[in-house]
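Listed below, chain by chain, are the residues.
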Amino acid sequence: MHMDFNNVNFNNFQTQVLPNTAAKSQSASLISQAPPDEFVPQSKPAQEETPQKKNSFVKKAALIGAAMAGITATAVFLYRKNKTTSVQKLAQNIEFKKAETLEEAVQYGKTTLGIKEYTGFEARDIDIINWINEGLTNVSNAMQGNLRMPKQVAYTELRGEALAGVVPYTHKNASKRGFFGVNKKIFSDIDAALERVIANCTEKTKVLIKLEDGGYKAGASCLETQNAAEMIKEIEAFKNGNLSGFYDKVALYNTLRQYNRLPALIAQSPFVRIKNLLTMLEQKGFRANIDLEDLKNKTTEEQLQVFNSLVARLKEKTGKELKYTVTKQGPFSTIYHEMGHLQDMVPRVHPTGKFDSPDKYPEELKKWLDDALDIQTANTVSPYAATGPGEFIAETFSRIIDRGKVSDDIMQLYNKLNGPKIPV
């Protein structure tokens, strides 16, 4: 998403600001309206042990302690070996061709991509399995054939509205690692899924307004862009039965989810937005008297006030306002995100949505949320990227695979968190 001059009214948004949990002046409620995308988390929340659990553990330890002590070194060796050998060496550049039959698609996945098993697919699901194989092929080509592929691809029901989800290779249960699930709840009726996300845009986030004649318009002036207009044309084409392509529907679904996240994306990264806006103003011959070093130490809410004031002054001095453009999403962004999780070999905490309240966050997640500038950088990728280090890694991986590059700030944070290396 990028900024330019045109029309915007930030007061049209109903958003929450991500708090720095160390700042008492900020709200304790998190996070954005973006729903979780994960099927199986990478690590589980810490749970208190009950006396029964402790007694059970003591009994088991008494019975198997000696045996475990004798094989510890072997277990560690096997674990490391599994982590190492899970990286496959595929062809550097694979030419994808859509399969005509389910058997042909499965054979391609097994022989060309190294996937061991496909489950749950039937002949009528050929579009879905081609979509999966093409997305995985794109990631393989971007990684020059050096990557972790799923061991199993399954067509199954996942929670939420995510298109897919994975069990990462860092999962504690080795038998489950490398599972890639595709959400039958969405793909069994992609039209119904699109209807639901359109309703969410108009009824909850209100980034779209439904008109009396059945058409749509942007719910805020910042969305009055060419991209928004094109998205609305696709919505209307879908409503009229003229958007029939499977990939077109998946891409529209992904784009609509990004627009649903736009309000939080703008409000939760004011410092980064101010930096970008100052750079833009300088390029156009304007200067604003703002001390970034001083502003860096302010709370996110205070930074947001400065940002809104800067936008107001921009209109006063130039007669122009600010415009945000959301890039149209392709059909494979979810696959790229989940493949980012599979490449990420650093054990990560749950995203914030897995906990009842902030006081239950593990220390690693509290530390992540307390770094306000990192959170703002993560929010420039997406609101969901700010909910935990693992989600930032996966969202950034997807962005790089899809577009080839990200901003320097995003890349610096990605490297600091040991995100998987991408040769593109």
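Owing to the predicted nature of the structure, the values given are computational and were not obtained by experimental measurement.

Caption draft 1: Representation of the side chain of Q329 in the model. Within the secondary structure, Q329 sits in the loop between β10 (321-325) and α11 (333-343). Residue class for Q329 comes out buried when judged on its relative accessible area of 8%.

Caption draft 2: Highlighting the pairing of strand β6 (residues 164-167). Side chains A164 and V166 of β6 all project onto a buried face; the interleaved residues G165 and V167 project onto the opposite face, where all are buried too. With four bridges joining them, β6 and strand β7 (residues 179-183) adopt antiparallel strand pairing. Directly across from G165, in β7, lies its bridge partner G181.

Caption draft 3: Representation of the pattern of salt bridges. One pass over the structure, following the stated rule, counts 12 salt bridges. With a closest N to O distance of 3.2 Å, D409 and K275 form a salt bridge. With D409 in helix α15 (residues 408-416) and K275 in helix α8 (residues 270-283), this pair connects stretches of sequence that are 134 residues apart. With a closest N to O distance of 2.8 Å, R348 and D344 form a salt bridge. Across the pair, D344 and R348 agree in class, each one buried. Residues joined in a network through salt bridges with shared partners are D371, D374 and K416.

Caption draft 4: Spotlight on the environment of G181. Its place among the elements puts G181 in strand β7. Remark: the alpha-carbon pair of G181 and L158, spanning 23 residues in sequence, is separated by 7.5 Å. Setting aside residues no more than four positions away along its own chain, G181 makes contact with A154, T156, L158, L163, A164 and G165.

Caption draft 5: Up close: α8. Between the first and last C-alpha of α8 there are 20 Å, a value that for 14 residues agrees with the 20 Å anticipated at 1.5 Å per step. Of all the positions in α8, only P270, F271, V272, R273, I274, L277, L278, M280 and L281 are classed as buried. At the exit of α8 stands G285, carrying a positive phi of roughly 90°.

Caption draft 6: The arrangement of the sheet that holds β6 in detail. Read from one edge to the other, the open sheet built from four strands follows the order β3-β5-β7-β6, with strand pairing classed as mixed. Every interior strand has two partners, whereas the edge strands, β3 (117-119) and β6, have only one. Strand-to-strand twist across the sheet, computed as the mean angle between neighbouring axes with direction ignored, equals 15°. Set on the sheet, α11 makes contact with β6 and β7; between it and β6 the angle comes to about 10°.

Cut-offs applied
Residues numbered from 1 in each chain as written. Predicted model: local features only at pLDDT ≥ 70, side-chain atom pairs only at ≥ 80, totals over all residues. Heavy atoms only, no water. Helix = DSSP H or I, 4+ residues; strand = E, 2+ residues; numbered from the N terminus. Buried < 20%, exposed > 50% of the residue type's maximum accessible area, 1.4 Å probe, protein only. Pairing = 2+ DSSP bridges. Salt bridge = Lys/Arg side-chain N within 4 Å of Asp/Glu carboxyl O. Contact = heavy atoms within 4.5 Å. Expected span 1.5 Å × (residues − 1). Axes fitted to C-alpha atoms, helices over the stretch in contact; angles between N-to-C directions.

Geometric descriptors of this kind do not, in isolation, establish any biological role.
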